[in-house]
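Observations on the model geometry
So the chains spell out like this:
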Amino acid sequence: MEKLGYILLIGFYVLIINFIIADVEVFYPDGLLLLLASSGLLVLFIKVLKDRLNNKEDSYYSKEIDK
């Protein structure tokens, strides 16, 4: 999942760089850019949540250590 998120974010930045280099004044596929960026961030967020929920050591310390 982490690799997919990074791949989508790299795709987003490659398209942005392509538009900057080509000096495009109108961003035609702006919906595609937003989709790539948001889906990359969503995949990475889901990975972090999954790692946190499956980590027994974090759960133990958050419950047992005095604050």
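Here the residue numbering is sequential within each chain, running from 1 through the sequence in written order. Confidence filtering applies because this is a predicted model: local features only for residues at pLDDT of at least 70, side-chain atom pairs given and counted only at 80 or more, and all residues used for totals across whole chains, interfaces and linings. Side-chain figures throughout are based on the complete set of non-hydrogen atoms in the structure, without hydrogens or water.

A word on the overall build of the protein chain
We count a stretch as a helix when DSSP gives it H or I for four or more residues in a row; a strand needs E for two or more, and each element gets its number in order from the N terminus. What the protein chain contains, in helices and strands, is three helices and zero strands. In the protein chain, the succession of helices and strands from N to C terminus is α-α-α. In this scheme, a residue with accessible area under 20% of its type's maximum is buried, one over 50% is exposed, and one in between is partly exposed, where area comes from a 1.4 Å probe on protein chains only. A buried classification covers 16% of the 67 residues belonging to the protein chain. Throughout, a contact is declared for two residues whenever any of their heavy atoms are within 4.5 Å. At a minimum sequence separation of 6, the contacts of the protein chain that also span at least 24 residues come to 62%. Where accessible areas are quoted, they stem from the Shrake-Rupley method and a 1.4 Å probe; at the residue level, only the protein chains shown are allowed to cover. As presented, the protein chain carries roughly 5,800 Å² of accessible surface, and 66% of it is formed by carbon and sulfur atoms.

Some remarks on the packing of aromatic side chains
A pair of Phe, Tyr and Trp rings is counted when the ring centres sit within 6.5 Å of each other, with Trp represented by its six-membered ring. The angle between the planes then sorts it: under 30 degrees is stacked, over 60 is edge-to-face, the rest tilted. With the rule as written, the count across this model stands at one aromatic pair. An angle of 70° between the planes, with centres 5.0 Å apart, marks the rings of Phe-12 and Tyr-13 as edge-to-face.

Comments concerning the nonpolar core
Among buried residues, those of type Ala, Val, Leu, Ile, Met, Phe, Trp, Tyr and Cys that are joined through side-chain atoms within 4.5 Å constitute a nonpolar core. One finds Leu-8, Phe-12, Phe-19, Leu-33, Leu-36 and Ala-37 forming the largest nonpolar core, which totals six residues. Looking at this core, the elements that each hand over two or more residues are helix H1 (2–22) and helix H2 (30–54). Apart from the residues within four sequence positions on either side, Ala-37 is in contact with Leu-9 and Phe-12.

Thoughts on the pattern of salt bridges
The term salt bridge refers to a side-chain nitrogen of Lys or Arg lying within 4 Å of a carboxyl oxygen of Asp or Glu. If you walk through the whole model with that rule in mind, you get one salt bridge. Residue Asp-51 is joined to Lys-47 by a salt bridge in which the shortest nitrogen-to-oxygen separation is 2.6 Å. Here the residue Asp-51 and the residue Lys-47 both occupy positions in helix H2, the gap between them amounting to four residues, near one helical turn. Its relative accessible area of 38% is what places Asp-51 among the partly exposed residues.

Notes on the environment of Val-43
Note on placement: Val-43 falls in helix H2. Along the primary structure Val-43 and Leu-4 are separated by 39 residues, whereas in three dimensions their C-alpha atoms are 7.2 Å apart. Setting aside residues no more than four positions away along its own chain, Val-43 makes contact with Met-1, Leu-4 and Gly-5.

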